[in-house]
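Chain by chain, the residues:
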2 protein chains.
Amino acid sequence: MPGPAKRGRYHHGDLAAALVDAAIEVIGERGVRDFSMAEASRRLGVAVSAPYAHFADRDDLLAAVAVRGYQQFYAAVVPQVEAGLAPADRLAAMARRYVRFAARNRPLFEVLYQAGLDKAGHPEIEAAEQPIDDAFMTCVNAISGGSGPTAEELAWALEATAHGYAMLLLDSGKQRSDEDVERTAEAAGRAARALIKSRRLLSDPADLQQPGAPRAG
Amino acid sequence: MPGPAKRGRYHHGDLAAALVDAAIEVIGERGVRDFSMAEASRRLGVAVSAPYAHFADRDDLLAAVAVRGYQQFYAAVVPQVEAGLAPADRLAAMARRYVRFAARNRPLFEVLYQAGLDKAGHPEIEAAEQPIDDAFMTCVNAISGGSGPTAEELAWALEATAHGYAMLLLDSGKQRSDEDVERTAEAAGRAARALIKSRRLLSDPADLQQPGAPRAG
DNA sequence: GTCTATACCCGGATAGAC
DNA sequence: GTCTATCCGGGTATAGAC
């Protein structure tokens, strides 16, 4: 098990990376909102001023955590060796992995979607996020031909659905069992299939709805 | 325009309610994370200790905000006079309103889903949330008969999807235009229709998937 | 129910030595 | 790159008077 020791005295190693680790640990225990530079420093046994040699401020460190988060997210969600699968199968698998990643990496997911980071102020974050969207788009492009929704519309629908399942799963605060996670992941996968199958309904038009049906709301 | 004055000196009115208003205002400007009792007090021109006559602590005030949030959410999302509409139409309308509410009441939505409130510790919150789930269930029950997914499964899928669209819309941090909001709301509504139409795919079984397709992921 | 005053703690961030 | 020391500001929460 390589990498610097996570605990106890720590001096003159790769502090920047160690801080990211420590941050994830702290966030896991207290949530992003209660994360602090000081606490992370303490856990590493370094002075509270040490982190400022590597990160401009608290948000800068959190941004680094977010970048790592998106990298792991990408690695966890995107199919690597599944070129053989049909696009719909790959997308369903991606939806399942999306939910599993959120559940199994709650601290990272929290940083990505609840830290309220100013992504505009930290372009690195958006850059790290991009590949995930791209992966969905690539997969969707292998499906959506001719009429029906644009690739963007379908990809967006699939991401939104996976995201929604993930968020609602995490929301209840309660620790969820592995069975809960798996059940939710499977549900997200099936929802992805359903959306793909009925994707024609995703494209704009009022004329696909019951003619004469009032557009209430 | 009834209700206590939101600004300036304020004495001996309904402080509890005024604090909730002030909290929403503060959250709108600085986000939940940076909300503080002290700031809310300042805006009302009362002593920083005054709130503690009405709320045990910060989280207790936020819980009150959450309760109001769910009440308004319910009122905004649930169909009132649309008994005439087909269930699928009502559910699509609910999905649209779900997204619109999130976009137009960002501060409240933030408290509901990003404040990290301990719902277990504040049963009032869950109680206020319940009617929304119930409304989805009621509507779904008018649809899902016989084979196919349980009402729970379908309701969950619809809520997750609406939720996902809403969260991703808000996520980018950037202010979204009314057109963005409306486009997203419509997309969520169409996704709801698509899920309803293909709801048979939402029920468990591996045997609805391509026979022989490996269940990767 | 609200005020004044205060005690307390903690986090952010900097200066300057090593 | 890290440490020691320190300043500063801010929020939470309580005590006791009115």
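In this text the structure is predicted, and so the values were computed from the model without any measurement.

A. Main features of the overall build of chain A. For chain A, the helix and strand inventory stands at 8 helices and 0 strands. Starting at the N terminus, the α and β elements of chain A follow one another as α-α-α-α-α-α-α-α. For chain A, with 217 residues in total, the buried portion stands at 53%. Restricting to contacts in chain A with at least 6 residues of sequence separation, those with at least 24 account for 69%. Total accessible area on chain A is roughly 9900 Å²; 52% of this is exposed by carbon and sulfur atoms.

B. Looking closely at the side chain of Glu110(A). Residue and element names in this part refer to chain A. Note on placement: Glu110 falls in helix H5 (residues 106-114). For the buried Glu110, no salt bridge is present, and the opposite-charge side chain at shortest range is Arg106, 4.6 Å distant. In contact with Glu110, other than residues within four places in its own chain, are Ile27, Gly31, Val32 and Ala115.

C. Representation of the confidence of the model for chain A within the structure. Residues and elements named next belong to chain A. The share of residues in chain A with pLDDT of 70 or more is 88%, and the mean pLDDT across the chain is 90. Highest mean pLDDT in chain A belongs to helix H3 (residues 58-77) (98); lowest belongs to H5 (96). When the criterion is pLDDT under 50, residues 1-6 qualifies, and its contacts beyond four places in sequence or with other chains add up to 5 contacts.

D. Highlighting the relation of the copies chain B and chain A. Between the two copies, chain B and chain A, the superposition gives an RMSD of 0.0 Å; the rotation angle is 180° and the shift along the axis is 0.0 Å. With respect to symmetry, the two chain copies, as superposed, fit the operation of a two-fold axis. Judged by C-alpha distance, Gly164(B) is the residue of chain B that lies nearest the rotation axis, at 1.8 Å. Both copies present the same face, since 98% of the interface residues in chain B are matched by interface residues at the equivalent positions in chain A.

E. Region of interest: the protein's contact with DNA strand C. Surrounding DNA strand C, one finds 21 residues, the nearest of these being Arg42(A), Arg58(A), Ala47(B), Ser49(B) and His54(B). Counting only the atoms of DNA strand C within 4 Å of the protein, the fraction contributed by sugar and phosphate is 64%. Within the side chain of Ser49(B), a nitrogen or oxygen atom sits 2.7 Å from a base oxygen of DNA strand C. One of the side-chain N or O atoms of His54(B) is found 2.6 Å from a phosphate oxygen in DNA strand C.

F. Local environment of the interface of chain B and chain A. Taken residue by residue, the interface counts 49 residues in chain B and 48 residues in chain A. For chain B, the biggest contributors to the area lost against chain A are Arg33(B), Leu168(B) and Arg190(B); these three give 16% of the whole. Counting every contact that joins chain B to chain A gives 2 salt bridges. Residues Asp171(A) and Lys119(B) are paired through a salt bridge, measuring 2.8 Å at the closest nitrogen-oxygen approach. The tally of links from chain B across to chain A stands at 9 residue pairs in polar contact (both at pLDDT 80 or more). Counting residues per element, the ones that place at least two in the side of chain B that touches chain A are helix H4 (87-104), helix H5 (106-114), helix H6 (123-141), helix H7 (151-171) and helix H8 (178-197) of chain B. Tallied by class, the residues present in the side of chain B that touches chain A amount to 20 nonpolar, 9 polar and 20 charged.

G. Fine view of the pattern of salt bridges. All names here are of chain A. Tallying each qualifying case throughout the model produces 27 salt bridges over all chains. Between Glu186 and Arg100 there is a salt bridge, with its nearest N and O atoms 4.0 Å apart. In this pair, Glu186 is assigned in helix H8 (residues 178-197) and Arg100 in helix H4 (residues 87-104), connecting sequence segments 86 residues apart. Looking at Arg100, the relative accessible area reads 7%, which means it is buried.

H. Representation of the packing of helix H7 (residues 151-171) of chain A against H8(A) in the model. Residue and element names in this part refer to chain A. Where H7 contacts H8, the axes come no closer than 10 Å and their chain directions differ by 160°. Here H7 is positioned roughly antiparallel relative to H8, judged by the angle of their axes. Crossing handedness for the pair H7 and H8: right-handed. Along its contact with H7, which presents Leu154, Ala157, Leu158, Thr161, Tyr165 and Leu169, the element H8 presents Asp180, Val181, Thr184, Ala187, Ala188, Ala191, Ala192, Leu195 and Ile196. Of the residues that constitute the contact of H7 with H8, the class distribution is 12 nonpolar, 2 polar and 1 charged.

I. Focus on the domain arrangement of chain A. Residue and element names in this part refer to chain A. Considered domain by domain, chain A is made up of domain 1 (4-53) and domain 2 (68-200). Facing 8 residues of domain 1, the contacting portion of domain 2 comprises 6 residues. Counting each side, the surface lost to burial between domain 1 and domain 2 is near 560 Å², with a carbon and sulfur contribution of 72%. Area buried by domain 1 at its contact with domain 2 is led by Ile24, Ile27 and Val32, which between them contribute 70% of it. Where domain 1 meets domain 2, there are 1 salt bridge. Across the salt bridge formed by Arg68 and Asp21, the nearest N and O atoms sit 2.7 Å from each other. The tally of links between domain 1 and domain 2 comes to 2 residue pairs in polar contact (both at pLDDT 80 or more). Here the side of domain 1 that touches domain 2 is built from residues that sort into 5 nonpolar, 2 polar and 1 charged.

Conventions we followed
Residues numbered from 1 in each chain as written. Chains lettered and ligands numbered in written order. Predicted model: local features only at pLDDT ≥ 70, side-chain atom pairs only at ≥ 80, totals over all residues. Heavy atoms only, no water. Helix = DSSP H or I, 4+ residues; strand = E, 2+ residues; numbered from the N terminus. Buried < 20%, exposed > 50% of the residue type's maximum accessible area, 1.4 Å probe, protein only. Contact = heavy atoms within 4.5 Å. Areas by Shrake-Rupley, 256 points an atom, 1.4 Å probe, with all protein chains shown as cover. Lys, Arg positive; Asp, Glu negative; His and termini not counted. Salt bridge = Lys/Arg side-chain N within 4 Å of Asp/Glu carboxyl O. pLDDT = per-residue confidence, 0-100. Least-squares fit on C-alpha atoms with pLDDT ≥ 70 in both. Near = heavy atom within 4 Å. Polar contact = N/O pair within 3.5 Å; in protein donor to acceptor, adjacent residues only side chain to side chain. Buried area = accessible area lost by both parts, 1.4 Å probe. Nonpolar A, V, L, I, M, F, W, Y, C, P; charged D, E, K, R; others polar. Axes fitted to C-alpha atoms, helices over the stretch in contact; angles between N-to-C directions. Parallel < 35°, antiparallel > 145°, perpendicular 65-115°, else oblique. Left-handed = near helix turned anticlockwise from the far one by under 90°. Domains from an automatic or database assignment.

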